[in-house]
Every structure is written in structure tokens, then in C-alpha cells.
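Now for the letters of each chain:
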Amino acid sequence: MSLSLIAANPFAVMRRAKEWKDSMGEGLSEVKAELDVLRDELTAAQARIAELEAQQGAKARMSTSHARDASAVADVKSLRGRLAAVKLLTGNYASVLFRLVGTKSRRLRLLPIRASTSLHFLQVRADLSPDLVGLAPSKSELRAWARDPAVEWKLGECISADLQSRRDGWTVDDFLAVRQLIASSTADNELVWRNLIASDQAIDGVKTWPFGFRPEHADPDVRRRRLMIAVGLALPKSLTALHQIEAAGQPATHNPPFGEEPIQDVLVPKGEPAAARRRSVLFVNPSYYNFHFLADSLRKRGWDAVSMAIIDPKSEYAQHFHGHDWNLFETDADKQQQVLRERFQEAAERFDMFHFAGVGTLSFFPYNYDTSRDHDRVPWDVLDLKRRGAKIAYSITGCHDLITQTGFEAWSPGMCPKCAWRDRPEICSNHRMSAWGWKVVQLADLICIETDPPLDFRDTAAVFREPLSFAIDPQFWRPELGQSVPVPELWREPKADGEILIYHSVGNYEMRTRQGVNVKGTGAVVAAIDRLKAEGHPVRLLFRKDVPSVDNRWMLAQADIIVDQLNYGRYGATAREGMMLGRPVVGRVNKVEARGLPAVRAIAECPIVDASEETIYEVLRRLVTDPGERSRIGAVSRAHAMRWWSKDVLAERYERVYDHLHEHGRPPATLE
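Below: a short report on this structure. Residue positions within a chain follow its written sequence, with the count starting from 1. The predicted nature of this model means local features are confined to residues of pLDDT at least 70 and side-chain atom pairs, given and counted, to a pLDDT of 80 or more, with totals for whole chains, interfaces and linings taken over all residues. To obtain the side-chain values, all non-hydrogen atoms of the structure were included, while hydrogens and water were left out.

## Some details on the overall build of the protein chain
Point 1. Where helices and strands are cited, they refer to DSSP runs of H or I of at least four residues and of E of at least two residues respectively, numbered from the N terminus. In terms of regular secondary structure, the protein chain is built from 23 helices and 15 strands.
Point 2. Looking at the 672 residues of the protein chain, the share that counts as buried comes to 52%.
Point 3. Surface accessibility in these figures is a Shrake-Rupley result with a 1.4 Å probe; residues are shielded only by whichever protein chains are displayed. A total of about 30,700 Å² of accessible surface is found on the protein chain, and carbon and sulfur atoms cover 53% of it. When accessible area is computed with a 1.4 Å probe and restricted to protein chains, residues below 20% of their type maximum are described as buried, those above 50% as exposed, and intermediate ones as partly exposed.

Structure, rendered in C-alpha cells:
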């Protein structure tokens, strides 16, 4: 400390001196107690070794036909190793401890990450969140690994941009001395443990997740990968070191986009850029046709917006879409990887936001998709994009996305028991959806729930509740279809004079139906129409399944009434398309939100005629007998769809959310 500083503030110097004296007094007391324990261990170890060696000598004098006691030999070797450590530390424990922590206050702590038989320690700053620390190994694990000669301890690099922190980095000798201290200690000495990061240090600060989900309660490999995600987000400069740990010994293709060449540091520009960049977004995975339409309208507003897919154009799956700006599918696996790596590098430099959709597919690369119930793949590409400063957005894809079965059932009683996926944990379960929810919440800056209930992992600061990304083309689904615009002969449905056609459909009907029951309430719809027929009403069911939406619009256009679903409580693509066509739509709409929150306007004003499986007959009967009401609801429905789901309207809303996100780091609570 300089003389000028002492002269300016002598009382501060005296206070710091007293604090140092008290601290060293406490530390030396702990050291003395530790030495007493170590000396007792030394005496006991020497006695036990002498006893075992005597037993071994007696066995050696016996007939050579008798096998030696392998356990006794192992005990001798173990105790001799323990004795060597105790002898080493009995003489210099205090001096080693003083050298480690008594000479200066370290700015860097050691963060342990175990992979196979190696235990890597990154040198990181001390101010890490409790949620991150909670994913680290525990003190008991570190103590066991310190004593296990099969576990190799490796000192990692300093993950800090601060020059002083780098100067205070660890030496290999000090690092190995810490292992010796931990291995030989029988009690926790805080002078030692304050230099390491262990999960025990975060007990009081770990976040509570829905329904008791604990990301740290997982097997070691899952916990390690979750820790890597958390560290990669909190300390972007650690990404290279983390990847080297996880990818060690694996082919380069297993952890894209890295592995074939070193990760290049991306410098953060200082000050204002010379010229403003265009707003830009890459929609990485198809969200049905929605992203394709939204990208088109964003480009009309001057954006650099692209929709992307990796879909075999010859597959049945491809029929569900309306096209993609980029389809990067290749039949050859090696060429596929090459194309994806090249396009990723282009995209990383070109786009400021990356928008994903689909459970388990939050990555540019299919190899990084999640396949396990723990959703623990490390998305290296997404971590790298965030390191570069890009924003990550995600749109939900159904009732099980970012929400648990328990949470959804509490809001919409009766639906889950009718779901064919309820008892298929590989698709939907509390654990699986909690694991996915935790991952998305870590990575996404914007989560679009598109008027769905804000429950469980959908209830965070990153969530935007109102319509934003489920874009509909009002020209493609215009009311004139089937009227002034004739239906193609292939899809033309014969219709008698005065006949009323009621449309209902279920995608993946066989997969989603169990013993005639499904979440859409198909059985109740059929029963209601049969009852109306029996009463003499001229009604007929148009039931379709697995028809591409490009063609299915002609079926919807010929319907007088469209029945969506009768259990969910919100609505999907069929209802949006039907409203855009100006047809009356029937479905279950629960306008009550969780925790007393007000419903968003798009739900509060929704013109869908509310019906459940119990009320569908009465609702259909009223509409069948009142053509004027059908016409009125159809007109209101078209106006509602234009107001909330038209692709040009959503493009304008998307732009406002994008600007708010880049300015404030989070989406706005509402655009109303």
C-alpha cells in the first residue's frame, strides 16, 4: 500500500490489519485442530500397517499352495499411500495452507468438471450464481476423487478477461497441494474450500423450479452437461475449454459446429457501428408453415429474414409445409455435415436472432438434438451464437411443451386422461418436460407461447404471451375459396341443397387415439352429428386426417361449421385457418388464466364458439338451425384472424418485440 494512501486514510489501514489478524487467528486454530487429527491418523495408520504386515508375513510362511490374502495386500497398499500423505502433510500442512490462502486473497476459484476419469478445474471468478454452483460436484465427491489415484486432476485455464485475475492464477504446485489437503483432511477447513466451487455452497440460493424439479439431481454425466450449459452462458470465454473437455476422444462430427478447427474468439465491437445493420432473423426449424409466412412478411419490411429446414423433400413429412427459403437436406451424411457447418458459419455472421421451434430440437445441427428424457445435449452452436451476441427465440409446439402434465391437468382438468401420450414418458412426462423447460429457459431470450396459458416454464421474464410467430397468409386462406373461387375437382365435396357440412380433423389420428378416445373429442363430435341426423337435420361430417394443409384448405372452405378441439382450452392451426376463411369455428376456449392473470386480448375477444364434449350437441344444434348466426360469426372470425394472426400484422408485432428485446434484454410484457 502506498504511503500517500496510508496518510490519507490511516484508520482504514488499521481496520484492515485487525481483520487480517483475526482471520489468521481463526485459520491457525483450524490448522492446529487439523494437525491433531492428522497425528492421530498417523499413529493409527502405522499400527494398522504393522498389524497387516504381520498377518501377511504369517501367510507367506504357510504352504505355497495357499493363495495370499488379496484384500490384506490391498489394505496394506492403501494404508501405505494414506500414511505417505499424512507424513507429508503433518510436517508442512500449516506452511502449505498459509502459502495457498494466507499470502493473498485469490480472485479466482477452481470450478471442477469431471469427464470420465479426469477432473478438470477451470479458474473462474468468484461471483457465480447459486443455480450454477448447485450443478457443481459436492465436497464429498471432491474428497473421494482426491483420494482416488485413478482420478486425474487437471488444472485448466484462467477464464477471465481481468488482467489482475490472470496474475492471481493458480500454479500447478499450489493446485496439487489443494488435492493433498483435501485428500488428507477429515474435517472441512474453510481456508481450503473457499478456493473451490462445490454444490454445498449453493444450498440456500438455488432456484425453486415447478413441481420440485432439481436439475442438479441427476446422474454425473447429465449434471456435467447441464453445468457446461450454465457455465457456457455465464462465462462465454469458457466455451473453448468446455468443448475440449466434453469432446475429448470423440469424432469431430459429434459436437458441431466445433471439432474440426479451433473456435475463434469474437471481439465485441466498442462504440456505435459505422452503419446500422438490417434487422435479421433465421427461423431455424419449421413451425408448421408459420415461420415461412412470417419470414416473407418480414422481408417486405426490409428485414434479412430466412426460414430454414432439414427435411427430405420426398418424405411424407414434407407435405405438411408450404416451402422453405433454405432446405439444407442432403442424402449423404458426410455432405450433410459439411453443408450444415458451412451454412452455420454464414448464418452466425449474418443474423442477429435465431428462432427455433420443436421439443428437443434447439440446435442448428440434428446431432445436437435431444434424444434422452433429460434433454442434456450441449448445444454448442447455440452457446457460440450467444457468445457472439445473438438473441435466441423459441416458439412452443403443443400442450406438453415447457409445461408438466401435472401443471396442465390443474389448468385443464380432464384432458390429460384422454391423451394417448399420457402414459408414454418418452413423449410426455413431468420429468421430461421439466428437463426440457429448464434447458429452454437457460438458453432462450424470447419464448413465444402464442396465447397458451403461462404455466410452469412458460412463466418467466422471457415469455411473450400474445400472438407473435404463428403467422397465417390471409390470401391463401381467403373467404372466397369455395365460393367465387371454385374448388379443384380432386377436393370437391358433393353437397345436396340445404345440406350442412361440419368439418373435423385429427392429425396423426391413429397415433393420438386410444380406444376411440383422443384429446380433440372426436367421439363426442361424431355422436352429436349422428344425433342431429336422427332428429332430421341435414348435416354431414367431413372427417379428414393427415391431409396436407395446402390441400386441406379446400375441405375447410367447403364446410359450413368447423369443429376444432373440445378439451384443450385454447386452439390450434385448424381454428386459425377456419377463422381466416371466415367460417364459424367451434372449440373449447378457457378464458381463465392461472394465478388470476387476465387473459390476453386475443383470447378475451376470441369469437370461437365455446363447446366441450358435454355441450357440443347443443352448440351444433344452435348453429345448424341459425344460418344468420353462422354468417355473423364467420365475418367476426375473419376480422379477428386478420387482427391477430395475419402474417403482415405479426411481422409488425415481431419487429416491435425484436427492438424491445435488443434494447432491454427481454421482451415487452405486452404490445397493447
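## Quick notes on the sheet that holds strand β2 (residues 118-125)
Point 1. One open sheet holds the three strands; their spatial order is β1-β2-β3, and the pairing between them is mixed. With partners counted over all chains shown, the strands left at the sheet margins are β1 (108-115) and β3 (152-159), one partner each. Between one strand and the next, the sheet's axes are offset by a mean angle of 25°, whatever the strand orientation.
Point 2. Note: two strands are recorded as paired if DSSP finds a minimum of 2 bridges between them. With six bridges joining them, β2 and β3 adopt parallel strand pairing. Counterpart to Ser118 in the pairing with β3 is Glu152.
Point 3. The contact rule is simple, with two residues in contact once any of their heavy atoms fall within 4.5 Å. Between the N-to-C directions of two axes lies an angle of 0 to 180 degrees, each axis being a line fitted to C-alpha atoms and, for a helix, fitted only over the stretch in contact. Along the sheet, helix α7 (residues 172-184) makes contact with β1, β2 and β3, crossing β3 at roughly 130°.
Point 4. Sheet strands in contact with helix α9 (residues 220-234) are β1 and β2, and its direction is about 145° off that of β1.

## Considerations on helix α10 (residues 239-246)
Point 1. Taken across its eight residues, α10 has six buried, putting it largely inside the fold.
Point 2. Buried residues of α10: Leu239, Ala241, Leu242, His243, Ile245 and Glu246, and no others.
Point 3. Tucked into the core, α10 has its buried residues touching β1, β2, β3, α9 and α13 (380-387).

## Some thoughts on unusual backbone geometry
Point 1. For the peptide bond that leads from Pro256 to Pro257, omega is 10°, which places it in the cis range.
Point 2. Inspection of the secondary structure puts Pro257 in the loop between α10 and β4 (280-283).
Point 3. We note that Ser116 has phi near 60°; this positive angle belongs to a residue other than glycine.
Point 4. The residue Ser116 is located in the loop between β1 and β2 in this model.
Point 5. Taking the relative accessible area as the measure of exposure, Ser116 reaches 60% and is therefore exposed.
Point 6. Here Gln515, not a glycine, exhibits a phi torsion of approximately 50°, which is positive.
Point 7. The exposure class of Gln515 is exposed, given its relative accessible area of 81%.

## Let's talk about the sheet that holds strand β13 (residues 561-563)
Point 1. Taken together, the five strands give an open sheet; going across it, the order is β12-β11-β13-β14-β15, and neighbouring strands pair in parallel fashion. Edge strands, defined here as strands with exactly one partner in the open sheet, are β12 (539-544) and β15 (609-610).
Point 2. Across three bridges, strand β11 (residues 500-505) lies against β13 in parallel orientation. Along β13, the bridge assignment pairs His504 with Val563.
Point 3. Taken strand by strand, helix α19 (residues 573-580) contacts β11, β13 and β14 (585-587), and its axis lies near 155° from that of β14.

## Thoughts on the pairing of strand β5 (residues 304-309)
Point 1. Taken across its six residues, β5 has six buried, putting it largely inside the fold.
Point 2. By the alternation rule, side chains of β5 split into Asp304, Val306 and Met308 and Ala305, Ser307 and Ala309, which are all buried.
Point 3. For β4 and β5, the ladder comprises four bridges, and the chain directions are parallel. Paired with Phe283 across the two strands is Ser307, which belongs to β5.
Point 4. Note on handedness: a crossover is taken as right-handed if, strands pointing away from the viewer, the path from the first strand over the helix to the second is clockwise. Chirality of the crossover, the property in question, places the unit of β4, helix α11 (residues 290-300) and β5 among those that are right-handed.
Point 5. Direction of pairing for β5 relative to strand β6 (residues 326-327): parallel, over a ladder of two bridges.

## Overview of the environment of Asp648
Point 1. Following the sequence through the fold, Asp648 ends up in helix α23 (residues 647-664).
Point 2. Expressed as a C-alpha distance, the spacing of Asp648 and Leu298, which sit 350 residues apart in the sequence, is 7.7 Å.
Point 3. Whenever a nitrogen or oxygen atom comes within 3.5 Å of another N or O atom, the pair is scored as a polar contact, on the condition that within protein one atom can donate a hydrogen and the other can accept it, and that pairs from neighbouring residues in sequence are kept only if both atoms are in side chains. Of note is the side chain of Asp648, whose polar atom sits 2.6 Å from the side chain of Ser297.

## Remarks on the pattern of salt bridges
Point 1. Salt-bridge detection follows one rule: a side-chain nitrogen of Lys or Arg within 4 Å of a carboxyl oxygen of Asp or Glu. Inspection of every chain in the model, using the stated rule, returns 46 salt bridges.
Point 2. For Arg299, the salt bridge is made with Asp325, and the minimal N-O distance between the two is 2.9 Å. Of this pair, Arg299 sits in helix α11 while Asp325 sits in the loop between β5 and β6, and the two are 26 residues apart along the sequence.
Point 3. Through salt bridges with shared partners, a single network forms among Asp296, Arg299, Lys300, Asp325, Asp473 and Lys647.

## A word on the pairing of β1
Point 1. Judged by how many residues are buried, β1 sits mostly within the fold: seven of eight residues are covered.
Point 2. Strand direction decides the pairing type here: β1 and β2, joined by eight bridges, are antiparallel. Considered in β2, the bridge of Ala115 is made with Ser118.
Point 3. The turn joining β1 and β2, which pair antiparallel and follow one another in sequence, is formed by two residues; a positive phi near 60° is taken by Ser116.

## Digging into the packing of aromatic side chains
Point 1. Here the aromatic set is Phe, Tyr and Trp, taking the six-membered ring for Trp, and pairing holds for ring centres within 6.5 Å; pairs whose planes are under 30 degrees apart are stacked, those over 60 apart are edge-to-face, and all others are tilted. Applying the stated criterion across every chain yields a total of 24 aromatic pairs.
Point 2. Centre to centre, the rings of Phe344 and Phe364 are 5.4 Å apart; their planes meet at 70°, and the pair counts as edge-to-face. Highlighted residues: Phe344 in helix α12 (residues 333-350) and Phe364 in the loop between β7 (353-357) and α13, separated in sequence by 20 residues.
Point 3. Assessed through its relative accessible area of 0%, Phe344 is described here as buried.

## Points about helix α5 (residues 139-147)
Point 1. Every buried residue of α5 is listed here: Lys139, Glu141, Leu142, Arg143, Trp145 and Ala146.
Point 2. The inward-facing, buried residues of α5 abut β1, β2, β3, α7, α8 (190-193) and α9.

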